[in-house]
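Take a look at the letters that make up each chain.
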Amino acid sequence: MIRHNRRKWMGSLLLLITALVVSSTPFHDLSSFPHELRLMEGSLKQLRVSMPVMGTLVNSNPEILHVNGTEAREVSVDLSQPVSVEPKRAGEANLQVKWRNIPLKAVKVNVLPDLRVIPGGQSIGVKLQTAGVLVVGHHLVDTGKEKVSPGEQAGVHVGDSIIKMNDLYINDMNDVKKLVSEAGEKQTPLQLLIVRGKEKVNVTLRPAKDKKDEEYRMGLYIRDSAAGVGTLTFYEPNSKAYGALGHVISDVDTGQAIVVGDGQIVRASVTSIEKGQSGNPGEKFARFYNESEVLGNITKNSPFGIFGKMNEEPKRSFYPEPIPIALAEQVKEGPAKILTVVEGQKVEEYSIEIVNVVKQHFPATKGMIIKVTDKRLLEKTGGIVQGMSGSPIIQDGKMVGAVTHVFVNDPTSGYGCYIEWMLQDAGLQVRPGQQSKPSGSAA
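Residues numbered from 1 in each chain as written. Predicted model: local features only at pLDDT ≥ 70, side-chain atom pairs only at ≥ 80, totals over all residues. Heavy atoms only, no water.

Going by the annotation in an unreviewed UniProt entry, the name recorded for the chain is Stage IV sporulation protein B, with Brevibacillus borstelensis AK1 given as the source organism.

Engineer: I tried to follow the side chain of Asn301 on my own but got confused; where do I start?
Structural biologist: Looking at where Asn301 falls in the secondary structure, it is placed in strand E23 (residues 300–302). One polar contact links the side chain of Asn301 to the main-chain carbonyl oxygen of Ile249, over a distance of 2.9 Å. At a separation of 2.8 Å, a polar atom in the side chain of Asn301 contacts the main-chain carbonyl oxygen of Ile258. Those residues in contact with Asn301, other than ones at most four positions away along the chain, are Val248, Ile249, Ala257, Ile258, Val260 and Ile306. (Helix = DSSP H or I, 4+ residues; strand = E, 2+ residues; numbered from the N terminus. Polar contact = N/O pair within 3.5 Å; in protein donor to acceptor, adjacent residues only side chain to side chain. Contact = heavy atoms within 4.5 Å.)

Engineer: Honestly, the pairing of strand E21 (residues 260–274) in this entry has me stumped. Any pointers?
Structural biologist: Along any regular strand, the residues point their side chains to alternate faces of the sheet. Of the pairings in the sheet, the one linking strand E10 (residues 123–138) to E21 comprises seven bridges and is antiparallel in character. Opposite Val126, over in E21, you have Ile265 as the bridge partner. Looking at chain direction, E21 and strand E22 (residues 283–297) are connected through ten bridges and run antiparallel. Counted as the bridge partner of Ser272 is Phe285 from E22. (Pairing = 2+ DSSP bridges.)

Engineer: What should I look at first to understand helix H4 (residues 173–186) in this one?
Structural biologist: For the α-helix, the turn length of 3.6 residues means that residues three or four positions removed from each other point alike. With 14 residues, H4 ought to run about 20 Å at 1.5 Å a step, and its terminal C-alpha atoms sit 20 Å apart, in line with that. Among the residues making up H4, those that are buried are Val176, Leu179, Val180, Ala183 and Gly184. Viewed along the axis of H4, the buried residues span an arc of 135°, placing them on a single side of the element. Exposed residues lying more than 90 degrees from the buried face of H4 are Asn174, Lys177, Lys178, Glu185 and Lys186. (Expected span 1.5 Å × (residues − 1). Buried < 20%, exposed > 50% of the residue type's maximum accessible area, 1.4 Å probe, protein only. Arc of directions from axis to C-beta.)

Engineer: I tried to follow the sheet that holds strand E7 (residues 91–99) on my own but got confused; where do I start?
Structural biologist: What links the strands of a sheet is backbone hydrogen bonding, and the strands pair in either a parallel or an antiparallel sense. Pairing in this open sheet of five strands is mixed, and the strands run E1-E8-E7-E3-E5 from one edge to the other. If you trace the sheet from one side to the other, it starts and ends with strand E1 (36–40) and strand E5 (74–78), each paired once. Each neighbouring strand pair of the sheet contributes to a mean axis angle of 30°, computed without reference to strand direction. Relative to strand E8 (residues 102–112), E7 runs antiparallel, the two being bridged by nine bridges. Among the inter-strand pairings, Gln96 is bridged to a residue of E8, identified as Ala106. (Axes fitted to C-alpha atoms, helices over the stretch in contact; angles between N-to-C directions.)

Engineer: Would you explain the packing of aromatic side chains in this entry?
Structural biologist: Any two aromatic rings considered together are summarised by their centre-to-centre distance and by the angle between their planes. For the coordinates displayed, the defined rule picks out two aromatic pairs. Aromatic pair Phe318 and Tyr319: ring centres 5.7 Å apart, planes at 55°, arrangement tilted. Judged by its relative accessible area of 37%, Phe318 falls in the partly exposed class. Between Phe407 and Tyr415, the aromatic rings sit 5.0 Å apart at their centres with planes inclined by 80°, giving edge-to-face as the arrangement. The partly exposed category is assigned to Phe407, whose relative accessible area is 22%. (Phe/Tyr/Trp six-rings, centres within 6.5 Å; stacked < 30°, edge-to-face > 60°.)

Engineer: Looking at this model, I keep getting lost on empty space enclosed by the protein. Mind explaining?
Structural biologist: Once rolled over the atoms, a probe with the size of a water molecule shows which space is left empty. In this structure, the largest cavity encloses a volume near 150 Å³. Lining the largest cavity are 16 residues; nearest its centre among them are Gln122, Ser123, Arg267, Leu295 and Lys315. Those elements that provide at least two residues to the lining of the largest cavity are E10 and E21. Its residues assigned to classes, the lining of the largest cavity shows seven nonpolar, four polar and five charged. When its volume is computed, the second largest cavity comes out at roughly 30 Å³. As for the second largest cavity, its lining consists of Thr130, Ala131, Leu134, Ser161, Ala257, Ile258 and Val259. Residues belonging to the lining of the second largest cavity are distributed by class as follows: five nonpolar, two polar and no charged. (1 Å grid on protein atoms, 1.4 Å probe; cavity = no way out; pocket = protein on both sides within 12 Å on 5 of 7 lines; lining within 4 Å. Points joined across faces, edges and corners; volume = space filled by probe spheres on them. Nonpolar A, V, L, I, M, F, W, Y, C, P; charged D, E, K, R; others polar.)

Engineer: What is the right way to look at unusual backbone geometry in this model?
Structural biologist: Glycine aside, negative phi is the norm for most residues, and most peptide bonds take the trans geometry. At Gln187, a residue that is not glycine, the phi angle is positive and equals roughly 55°. Position of Gln187 relative to the elements: it lies in the loop between H4 and strand E15 (190–196). Phi is positive for Leu245, which is not a glycine, with a value near 75°. As for its placement among the helices and strands, Leu245 is situated in strand E20 (residues 241–245).

Engineer: Just to check I follow, could you spell out the sheet that holds strand E2 (residues 45–47) for this structure?
Structural biologist: One open sheet accounts for three strands, arranged E2-E6-E4; its pairing is antiparallel. Across the chains shown, the open sheet's two edge strands, defined by having one partner strand only, are E2 and strand E4 (65–67). Strand-to-strand twist in this sheet, taken as the mean axis angle between neighbours without regard to direction, amounts to 25°. Bridging between E2 and strand E6 (residues 83–87) involves three bridges; their strand directions are antiparallel. The partner of Lys45 across the bridge, within E6, is Val85.

Engineer: Just to check I follow, could you spell out the pattern of salt bridges for this structure?
Structural biologist: Close approach of charged atoms allows side chains with opposite charge to pair. Within this structure, the stated rule accounts for 20 salt bridges. When the shortest N-O distance is used, the salt bridge between Glu329 and Arg38 registers 2.6 Å. Here the residue Glu329 occupies a position in the loop between strand E25 (323–324) and strand E26 (334–341), and Arg38 occupies one in strand E1, the gap between them amounting to 291 residues. For Glu329, a relative accessible area of 45% puts it in the partly exposed group. Arg267 is paired through a salt bridge with Glu293; the nearest N and O atoms lie 2.7 Å apart. Taken as a pair, Arg267 in strand E21 and Glu293 in strand E22 lie far apart in primary sequence, 26 residues in all. Since its relative accessible area comes to 14%, Arg267 is described here as buried. A single salt-bridge network, built from bridges that share partners, covers Glu348, Asp374, Arg376 and Lys380. (Salt bridge = Lys/Arg side-chain N within 4 Å of Asp/Glu carboxyl O.)

Engineer: I'm lost on the pairing of strand E19 (residues 220–236) in this one. Help?
Structural biologist: In terms of strand pairing, strand E9 (residues 116–119) meets E19 through two bridges, oriented antiparallel. Across the sheet, Ile118 pairs through a bridge with Tyr235, a residue of E19. Here eleven bridges tie E10 to E19, and the two strands are oriented antiparallel to one another. Among the inter-strand pairings, Ser123 is bridged to a residue of E19, identified as Thr231. Two strands pair when backbone bridges link them, and E19 and E20 are joined in this way by four bridges, in the antiparallel orientation. Looking at E20, one finds that Phe234 is bridged to Gly243.

This is how it looks when you write it as structure tokens:
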């Protein structure tokens, strides 16, 4: 009985000691020590172990990293103090923390090339040419005998993109009209190649002759272009790559993402603002400015915006020199700034608060929730308005993301995406490849 009680007492004591150790600061710091770490070239990182002992930190690649200012492979360190890790060049290294030759923790460090961008904020006009033509509806052709939609009968769906007709790539409405007329006159069917989502579908369509204007028609409403206004997010001087908008451009009728065939960005000037209110997102009204001066091309339309190359460095930049970027895991809750235009072409800086950050290891559009705190912007716009999407977000002197959407019921707040995902879609990857639909109203 006494032995049983002693065993029980010893077990309880062991549990208490374990609980105290597990809840202690050193144990907590050690268990929260990262398994993997990403750092930018030229940055500095403090790692905390917080154990009141002397230990050793083993560095597998001193050419990549210096520890506590030295390039030695093994460094004696006071584990109660922060350990300074300084990336020297891009590459990979492993760090191992030891105490009396007992391995305590290991971390894999990926050092990424120093990447700096010029933040945007300028209003831009977007002129987008679709790849092929987009089907936005069906209509009936009155042949005199019947009313019929040849396209609908053939199985062409709203949202389909017609990219080929009779093995010929089509670029605009004129190509379509010509081929439909030729097929109708010869009484031969049209062979269409259609892109439907991720599929390619072959369809046979026989045009019908409209008795009123004697024209052959497919019974389809189609569109070959789109235009609008948004905000430039960044420009990378070495590659001349840019990103803008922060969200996908979708067709107004079908809601489908527009597949880019060709496109251009031009200057835009803000003429007026419709102030945002609860239940009614506001809007920037702008006009294209000097359309003959093309700023750059559009090669991609993704969930994170539009991308391409600019002909030269953007003018009217608030930051004339490139600034560092922040990785997704480096963005934190707290004060930040956005750059945007609310009048003419003048880029101004406004205060915001990043109220929530979401940990993301893969691209997703809703990375952070932001709230406008700047009284000047609240007075002018009510907060975030449509046309402001793409406005760069700056925190602690680093480019961290872009405004993407406004909350319909609270125009002072909205979503932002991490700059890392926009850089990836611009071809400036900072981690191995991946990809990803926002809710709310596009800003």
